[in-house]
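Observations on the model geometry
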Number of protein chains: 2
Amino acid sequence: MLAEIITIGDEILIGQIVDTNSAYISKELDRVGVKVYQITSVQDNREHILNAFKDAKQHANLVIVTGGLGPTKDDITKQTFCDFFEDKLVENPDVVENIKELFRKYQLKLPLSANLLQAQIPSKATALMNYHGTAPGMWIEKDETVFVSLPGVPFEMKHLLMEEVLPRVVKKFNRPHIYHKTLLTYGLGETGIVERIEDWEDALPENISLAYLPSLGKVRLRLSSTGTDKQAITKAVDDQMDLLHNLLSDIAIGYEEEASMVEQIMKLLVAQNRSLSVAESCTGGRITSEITQYAGISSFFKGGVLPYQTSYKTKILGVPSELIEKHNVVSLPVAEAMAARCRLLFESDYAISTTGIAGPTKGDGDDEIGTVCIAIASPLGVISEKYQFGNDRFRVVEKATNKAFEMLRKEILKN
Amino acid sequence: MLAEIITIGDEILIGQIVDTNSAYISKELDRVGVKVYQITSVQDNREHILNAFKDAKQHANLVIVTGGLGPTKDDITKQTFCDFFEDKLVENPDVVENIKELFRKYQLKLPLSANLLQAQIPSKATALMNYHGTAPGMWIEKDETVFVSLPGVPFEMKHLLMEEVLPRVVKKFNRPHIYHKTLLTYGLGETGIVERIEDWEDALPENISLAYLPSLGKVRLRLSSTGTDKQAITKAVDDQMDLLHNLLSDIAIGYEEEASMVEQIMKLLVAQNRSLSVAESCTGGRITSEITQYAGISSFFKGGVLPYQTSYKTKILGVPSELIEKHNVVSLPVAEAMAARCRLLFESDYAISTTGIAGPTKGDGDDEIGTVCIAIASPLGVISEKYQFGNDRFRVVEKATNKAFEMLRKEILKN
């Protein structure tokens, strides 16, 4: 059972928008055991769309097409469907009713007649009712391949996919089960991991595959298996994951979707009834905004300060200016003083501090671009580390943020 | 001159990541006059990758491939390149040197020998030196089609594309100019716009195309033209855009910006030699992290405070507790006091403050979820506004951040 996704629109091919629809559809198909063979983005061009349909039909049982369903002249998906299926457009009375209802409900002041053109669909198609927009979805079968057409507006596409498409897919096709489990690791690169797990990887059963997903300062390791016996593949993957987790216990912090690093820290702090504050300089608000994106943080997060320019490290946090003069603003003693003073200011159990040079030009310090000192103050005292995170501003901030959370988590676990 | 982009990786096809590389590459190619014919995402599978290469070669002069270059067993792009080009891997001494230099610079504690395998590339390929990771880019030509292979890590891909690939593309290929201009409109749906501009659209010259890009509450209208005479196509599109703008003057709010809102504010502040500080509560670091992502902000950005829990609005900023008790923590007087006190604390010309309830549960205030008060303190005094941004935490923070920048920009322009 294979699927293909075709997204239509020049705006994708000139980079005006990022195609997020494909990832959403892929994830949902994967959940119900449908493997996506390929994702193809094509232009608003009849020949090109027809070619993509023909290619997709050769290897997929299900082809999901998004985009090109608007009421304007640049939208040609419906007419191209007619060409492909040797069909013609006819007005669908249910869609007419739905459009009229939408106009009543939202009191739209648009020309109704132009929007009623949206009710014309290929005669062989089943209309999939769109309760959030005027363009209906469509379901057409040809020689055992199902073509589904959905609007490109993500919100409308999602509703139609979940409420109309997936239930029909699940009913029509026999699908295996697909199971993935992804381990999150921090602090060791790909090749370091390869070396550690080589024997285990070589002995991995053939029906389980391993993928490495590296990003700044962390590597995700995904195990996947597909089969008809859900229990068997789940157990097989879980068992291998346990072995893998053991091999990497010092760098593994949990599984994807289960909880992000920040969620894990949240859970630990709430469980221990401990609180947190942040004094960030070179990370510029990134650490706090990562924390505050989660609901329910008020119970442990007290607040933060951003003494971006050096003098405010003294003025707001009370870091002695002599200390800064003696050691340099980017130094372990200054990071430690910032964390300790932040902890006192907010009367929190833990405090994170960062001071460094994100670049691309040198800041107030004398150090190399990319140098970052991070400190964690806790009831046990203050620890600190100095890092070199390269010369790209964005990456320095991202790596420093990830590293600060990694250090904080370790400190919390010491208690 | 046509290009195709092929992204390799099962993680894309199971929806584990959104493919943002393709949009970035498309946009940059479009800028230098290269039209992207198609974007294709394929699995980590030899046959599938070979098929995609074969298809792409048929219609594209330039094929850019990303992903599958890691040092682990699931990465097979290089070997597949060898199969496709009937070539074999050889060690490239420049890449060896580069990898050794990276190990020195970042003091990596990874197995060097495993990483040196990264220096093996097809003998017919030109290595594109990657100064940010161990996997080099590659440039291989076959029968007038150029294949370029880039790592999938966005940061490394971007550097290689901008510094190594585009200069070579510009030199090798004759390209036309491509010009787009996009009008932003708010408050009228697609069909309403169609009706208003019908006569103009029918009279649009054949070498100019119009695209409608609808999303919640707004429609973007893009005019595009391609030609060898840059001045001529630019003038033709600009002239038509003036006509279109006139037809839609009541709903048009401007053109899609080259510079972001923050960049516009930066430019204004630097030009006027003014400084900025931020006291954000419900936006939780988002405003400061939006500012600090740009280089060169040290010249005007003094710092910020995040008094997330109510008591720190008093303790750090000195907002009188009686004021909070009297008006509620989410109120215009408290927002105004926060901005004014922040401006004094940092001795800055401007200060932004936010206080509100991001949800999903109520915070310290009595207000509805989504209520946000924003204030701007300036040399002219303090202004403030109260908003209702709905009940989705992420969207509340996003809308409040955008609104704060919009208010700040207006205040700066008053001077």
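Going by the structure above, here's the rest.
Since we're looking at a predicted model, the values are computed, not measured.

Turning to the sheet that holds strand E8 (residues 145-150) of chain A, a few remarks are in order. Sheet strands associate in pairs through backbone hydrogen bonding, adopting either a parallel or an antiparallel arrangement. Ordered by their spatial adjacency, twelve strands build an open sheet running E6(A)-E7(A)-E8(A)-E3(A)-E1(A)-E2(A)-E2(B)-E1(B)-E3(B)-E8(B)-E7(B)-E6(B), and the pairing between neighbours is mixed. Of all strands in the sheet, those with a lone pairing partner are strand E6 (126-128) of chain A together with strand E6 (126-128) of chain B, marking the two edges. Ignoring strand direction, the axes of neighbouring strands in this sheet form an average angle of 20 degrees.

Attention shifts here to the packing of helix H10 (residues 261-272) of chain B against helix H15 (residues 393-414) of chain B. All names here are of chain B. Contact pair H10 / H15: the axes reach a minimum separation of 10 Å and the direction vectors enclose 30 degrees. Considering the angle they form, H10 stands roughly parallel to H15. Here the hand of the crossing between H10 and H15 comes out left-handed. Contact residues: Met261, Val262, Gln264, Ile265, Leu268, Leu269 and Gln272 in H10; Phe405, Glu406, Leu408, Arg409, Ile412 and Leu413 in H15. Class assignment of the residues belonging to the contact of H10 with H15 gives a composition of nine nonpolar, two polar and two charged.

We now examine the interface of chain A and chain B. Taken together, the contact pairs 93 residues of chain A with 92 residues of chain B. Together, the buried faces of chain A and chain B total about 7,400 Å²; carbon and sulfur atoms form 55% of this surface. A per-residue breakdown of the area chain A buries against chain B is headed by Ile14, Gln16 and Thr191 of chain A, which together make up 8% of the total. Counting the contacts that link chain A with chain B gives two salt bridges. With its nearest N and O atoms 3.9 Å apart, the salt bridge here joins glutamate 347 of chain B to lysine 315 of chain A. One can count 40 residue pairs in polar contact (both at pLDDT 80 or more) joining chain A with chain B. The element contributing the most residues to the side of chain A that touches chain B is strand E2 (residues 35-42) of chain A, with eight residues. Each residue belonging to the side of chain A that touches chain B can be placed in one class, and the counts come to 37 nonpolar, 33 polar and 23 charged. In this sheet, strand E2 (residues 35-42) of chain B lies alongside E2 of chain A in antiparallel orientation, the contact comprising five bridges.

This part is about helix H5 (residues 93-106) of chain B. When the terminal C-alpha atoms of H5 of chain B are compared, their 20 Å separation across 14 residues agrees well with the 20 Å that a helix rising 1.5 Å per residue should span. Turning to H5 of chain B, its buried residues are Val95, Val96, Asn98, Ile99, Leu102, Phe103 and Tyr106 of chain B. Viewed end-on, H5 of chain B has its buried residues packed into an arc of 165 degrees, placing them on one side of the element. In this structure, H5 of chain B carries Pro93, Asp94 and Arg104 of chain B as exposed residues pointing more than 90 degrees from its buried face. Contact partners of the buried residues in H5 of chain B: strand E17 (381-388) of chain A together with strand E4 (89-91), helix H6 (112-116) and E6 of chain B. Between a side-chain oxygen at the N-terminus of H5 of chain B and the backbone nitrogen of aspartate 94 of chain B the separation is 2.9 Å; the capping residue is asparagine 92 of chain B. Glutamine 107 of chain B occupies a position one or two residues after H5 of chain B and carries a positive phi of about 50 degrees.

Applying the stated criterion to the full structure yields 22 aromatic pairs over all chains. Seen from their ring centres, phenylalanine 84 of chain B and phenylalanine 85 of chain B are 5.2 Å apart, and the 90 degrees between their planes marks the pair as edge-to-face. In textbook terms, an aromatic cluster arises when at least three aromatic residues are bridged by ring pairs, as seen for Phe53, Phe81, Phe84, Phe85 and Phe147 of chain A. The positively charged end of lysine 172 of chain A is found above the aromatic ring belonging to phenylalanine 173 of chain A, 5.9 Å away from the centroid. Across the ring face of tyrosine 255 of chain A, the terminal group of lysine 181 of chain A is positioned such that the distance to the ring centre comes to 4.4 Å.

A pair can form between side chains of opposite charge whenever their charged atoms are brought close. All names here are of chain A. For the structure shown, the criterion picks out 36 salt bridges over all chains. Between lysine 403 and glutamate 406 there is a salt bridge whose closest N-O contact spans 3.3 Å. Here glutamate 406 and lysine 403 lie together in helix H15 (residues 393-414), a separation of three residues that amounts to about one turn. Classification of glutamate 406 by relative accessible area gives buried; the value is 12%.

On to the nonpolar core, then. One finds Val305, Ile316 and Leu317 of chain A together with Val305, Ile316 and Leu317 of chain B to be the most contacted residues of the largest nonpolar core, which totals 44 residues. Secondary-structure elements contributing two or more residues to this core are helix H14 (332-346) and strand E16 (371-378) of chain A together with helix H14 (332-346) and strand E16 (371-378) of chain B. Each residue touching leucine 317 of chain A, except ones within four places of it in the same chain, is listed here: Ala279, Val305, Pro307, Tyr312, Met338, Arg341, Cys342 and Leu345 of chain A. Counting 34 residues, the second-largest nonpolar core is a separate cluster that includes Cys282, Tyr350, Phe405 and Ile412 of chain A.

Residues and elements named next belong to chain B. Here H14 is 15 residues long and its end C-alpha atoms lie 21 Å apart, about the 21 Å a rise of 1.5 Å per residue gives. When we look at burial in H14, the residues that qualify are Val334, Ala335, Ala337, Met338, Ala339, Cys342, Leu345 and Phe346. Where H14 terminates, the next one or two residues include glutamate 347, which has phi positive at roughly 50 degrees.

Parameters at a glance
- Residues numbered from 1 in each chain as written.
- Chains lettered and ligands numbered in written order.
- Predicted model: local features only at pLDDT ≥ 70, side-chain atom pairs only at ≥ 80, totals over all residues.
- Heavy atoms only, no water.
- Pairing = 2+ DSSP bridges.
- Helix = DSSP H or I, 4+ residues; strand = E, 2+ residues; numbered from the N terminus.
- Axes fitted to C-alpha atoms, helices over the stretch in contact; angles between N-to-C directions.
- Parallel < 35°, antiparallel > 145°, perpendicular 65-115°, else oblique.
- Left-handed = near helix turned anticlockwise from the far one by under 90°.
- Contact = heavy atoms within 4.5 Å.
- Nonpolar A, V, L, I, M, F, W, Y, C, P; charged D, E, K, R; others polar.
- Buried area = accessible area lost by both parts, 1.4 Å probe.
- Salt bridge = Lys/Arg side-chain N within 4 Å of Asp/Glu carboxyl O.
- Polar contact = N/O pair within 3.5 Å; in protein donor to acceptor, adjacent residues only side chain to side chain.
- Expected span 1.5 Å × (residues − 1).
- Buried < 20%, exposed > 50% of the residue type's maximum accessible area, 1.4 Å probe, protein only.
- Arc of directions from axis to C-beta.
- Phe/Tyr/Trp six-rings, centres within 6.5 Å; stacked < 30°, edge-to-face > 60°.
- Lys NZ or Arg CZ within 6 Å of the ring centre and 35° of its normal.
- Core = buried A, V, L, I, M, F, W, Y, C linked by side-chain atoms within 4.5 Å.

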